[in-house]
Amino acid sequence: MNKKKIDIFDTTLRDGEQGPGCLLTLQSKLEIAEQLEFLGVDIIEAGFPVSSPADFKAVQEVSKLIKNAKVCALARARELDIDIAVDALKNAVCPRVQLGIGTSDIHIKNKFNSTRDEILAVAFKMVRYASKKIEEVQFFAEDAGRADNLFLAKMVENVIDAGAKVVNLPDTNGFCTPFEYYEKIKFVIDTVPNIHKAKISVHCHNDLGMATANTIAGLLAGASQAEGTVNGVGERAGNAALEEIIMTLMIKDLPVYTTVNPIYISKLSKMVERAMSNAVQANKAIVGRNAFAHSSGIHQDGVLKDRSNYEIIDPAMIGFELPDLILTARSGRAALKNRMQTLDIQFVEKEFELYYDCFLRLADTKSIVTDIDLVDLCYDINKG
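So, a few notes on the structure that sits alongside this text. This one's a predicted model, so the numbers in the text were calculated from it and none came from an experiment. (Residues numbered from 1 in each chain as written. Predicted model: local features only at pLDDT ≥ 70, side-chain atom pairs only at ≥ 80, totals over all residues. Heavy atoms only, no water.)

**With respect to the overall build of the protein chain**
Counting secondary structure elements, the protein chain contains 14 helices and 10 strands. Projected onto the principal axes, the alpha-carbon positions of the protein chain cover approximately 85 × 40 × 40 Å. Contacts in the protein chain between residues far apart in sequence, at least 24 positions, make up 72% of those at least 6 positions apart. Carbon and sulfur atoms provide 52% of the accessible area of the protein chain, an area that totals close to 17,400 Å². Between the averaged position of the 44 positive side-chain charges in the protein chain and that of its 52 negative side-chain charges there is a distance of 3 Å. (Helix = DSSP H or I, 4+ residues; strand = E, 2+ residues; numbered from the N terminus. Contact = heavy atoms within 4.5 Å. Areas by Shrake-Rupley, 256 points an atom, 1.4 Å probe, with all protein chains shown as cover. Lys, Arg positive; Asp, Glu negative; His and termini not counted. Charge placed at Lys NZ, Arg CZ, Asp CG, Glu CD.)

And the structure:
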């Protein structure tokens, strides 16, 4: 199978920061950007320069810092936005401006009080304007997830003619199912006559919990760039989680791949969690503290024999510090014996059932039996 390399576009510093209470300091943005470059993402969207002096400064400083990844700045379809974005990116080794406009009839009517023809004209004019200011322009067709497919295809053809090198078809409101999004992306790629002149990018939100699935579906339909944020941060229910996209591409045998180095994922996740004061849920895929934890007795026994029995990802692959097996009322003999041996608690094998019975009685009274609890329990048993 000939596999296609996918560009990984991180928007933690821009779209991710739009989550309530997730504002980042300049220092945090620089530290995260540097870690993203270690990870090996292809594009870092550093901010929306026209929105505030602080965002302009952040894009400017990230542009100076990053040497390998492309640095992108967001703009609306306005000359002022584009000019300011280009100015903020002037020190970037590989700069990119992303500009866009709504493409669903809902946005065209309710947001812009406009018509399809007028929106097409504005998009063409602004992409052409930006293309004269900077070499690489990415256009985003906002609310593409709810846009009419024929009109969307016409818009894509229009902005490619105007000079767009990348066209982003975002499911802005997390509306699509993977099947719908696959068909939408495939329709555009199969229909637009000049599609060979640009890359198609997918950018999905998680309002219905399908952001990562939709992203993968879009890639399988032919998109060449995947966008996401660390820990899935972002507006409302957030964006597709970058770590989920990356690990899916690495674990599954798909016709697409990425060249990022996943060893930095765990560190980057913790860095973003701290900087945004936005706790990662315990059972979050890939980076949650329970992602590699086991409390079921059947699972613990299987993991002790071979972790691949219940884990599809080697935790070391993402730089994750392996947690101990969690002792609960659901834990079995194998897990208890393993922990006692780890704590160097001496016991006679034929008396182990006594320890296990006492352990279960204790476990029924609390959610987790800690190491201290276990040491105290065994001390009381031996003493008695």
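**A word on helix α14 (residues 371-383)**
Note on helix geometry: an α-helix contains 3.6 residues per turn, so any two residues three or four positions apart are oriented the same way. With 13 residues, α14 extends 18 Å between its outermost C-alpha atoms, agreeing within 8% with the 18 Å of an ideal straight helix rising 1.5 Å per residue. Buried within α14 we find Asp373, Leu374, Leu377, Cys378 and Ile381. What you see down the axis of α14 is that its buried residues fit within an arc of 125°, all on one side. Structural note: α14 exposes Ile372, Tyr379 and Lys383 on the side pointing more than 90 degrees away from its buried face. Tucked into the core, α14 has its buried residues touching α12 (333-342) and α13 (352-363). (Expected span 1.5 Å × (residues − 1). Buried < 20%, exposed > 50% of the residue type's maximum accessible area, 1.4 Å probe, protein only. Arc of directions from axis to C-beta.)

**Notes on the nonpolar core**
If you look at the biggest cluster of nonpolar residues, it comprises 95 residues, and the most contacted ones within it are Leu99, Phe139, Val167 and Leu169. In terms of residue count, the dominant contributor to this core is helix α6 (residues 149-162) (eight residues). In contact with Phe139, other than residues within four places in its own chain, are Leu99, Gly100, Ile101, Ala123, Val127, Met155, Val159, Ala164, Val166, Val167 and Asn168. (Core = buried A, V, L, I, M, F, W, Y, C linked by side-chain atoms within 4.5 Å.)

**Some remarks on the packing of helix α1 (residues 26-39) against helix α2 (residues 53-65)**
Interaxial distance between α1 and α2 falls to 10 Å at its minimum, and their mutual angle equals 35°. As α1 runs across α2, the sense of the crossing is right-handed. On the side of α1, the interface is formed by Leu26, Lys29, Leu30, Ala33, Glu34 and Glu37, while α2 contributes Asp55, Lys57, Ala58, Glu61, Val62 and Leu65. Each residue belonging to the contact of α1 with α2 can be placed in one class, and the counts come to six nonpolar, no polar and six charged. (Axes fitted to C-alpha atoms, helices over the stretch in contact; angles between N-to-C directions. Left-handed = near helix turned anticlockwise from the far one by under 90°. Nonpolar A, V, L, I, M, F, W, Y, C, P; charged D, E, K, R; others polar.)

**Some words on the environment of Val287**
Within the secondary structure, Val287 sits in the loop between α10 (265-276) and α11 (297-305). Separated by 19 residues in sequence, Val287 and Leu268 have C-alpha atoms that sit 9.8 Å apart. Those residues within four positions of Val287 in sequence are excluded, and the remaining contacts are Asn231, Glu243, Ile265, Ser269, Val280 and Phe320.

**Section: the pairing of strand β3 (residues 43-47)**
Burial of β3 is extensive: five of the five residues sit out of reach of the surface. With α1 bridging strand β2 (residues 7-10) and the parallel β3, this β-α-β connection has right-handed handedness. Two strands pair when backbone bridges link them, and β3 and strand β4 (residues 70-76) are joined in this way by four bridges, in the parallel orientation. From the neighbouring strand, Gly47 faces β4, where its bridge partner is Ala73. Crossover connection from β3 via α2 to parallel β4: handedness right-handed. (Right-handed = clockwise from strand over helix to strand, strands pointing away. Pairing = 2+ DSSP bridges.)

**Some words on unusual backbone geometry**
Notably, Asn113 is not glycine yet its phi reads approximately 50°, a positive angle. On the secondary structure map, Asn113 appears in the loop between α4 (105-111) and α5 (116-133). You can call Asn113 exposed: its relative accessible area is 71%. Not every positive phi belongs to a glycine, and Asp344 is a case in point at roughly 60°. When its relative accessible area of 57% is taken as the criterion, Asp344 is described as exposed.

**Regarding the pattern of salt bridges**
As enumerated under the stated definition, the model contains 27 salt bridges in all. Measuring nitrogen to oxygen at the nearest pair gives 2.7 Å for the salt bridge that ties Arg236 to Asp207. A residue pair is termed long-range when its members are at least 10 positions apart, and Arg236 in the loop between β9 (225-228) and α9 (242-251) and Asp207 in the loop between β8 (199-203) and α8 (211-220) qualify at 29 residues. Judged by relative accessible area, which is 47%, Arg236 ranks as partly exposed. The exposure class of Asp207 is partly exposed, given its relative accessible area of 31%. Put simply, Lys337 and Glu349 hold a salt bridge, and the shortest N to O gap is 2.5 Å. Taken together, the positions of Lys337 in helix α12 and Glu349 in the loop between α12 and α13 put the pair 12 residues apart, joining distant regions of the chain. Through salt bridges that share partners, Lys5, Asp7, Asp42 and Lys199 make up one connected network. (Salt bridge = Lys/Arg side-chain N within 4 Å of Asp/Glu carboxyl O.)

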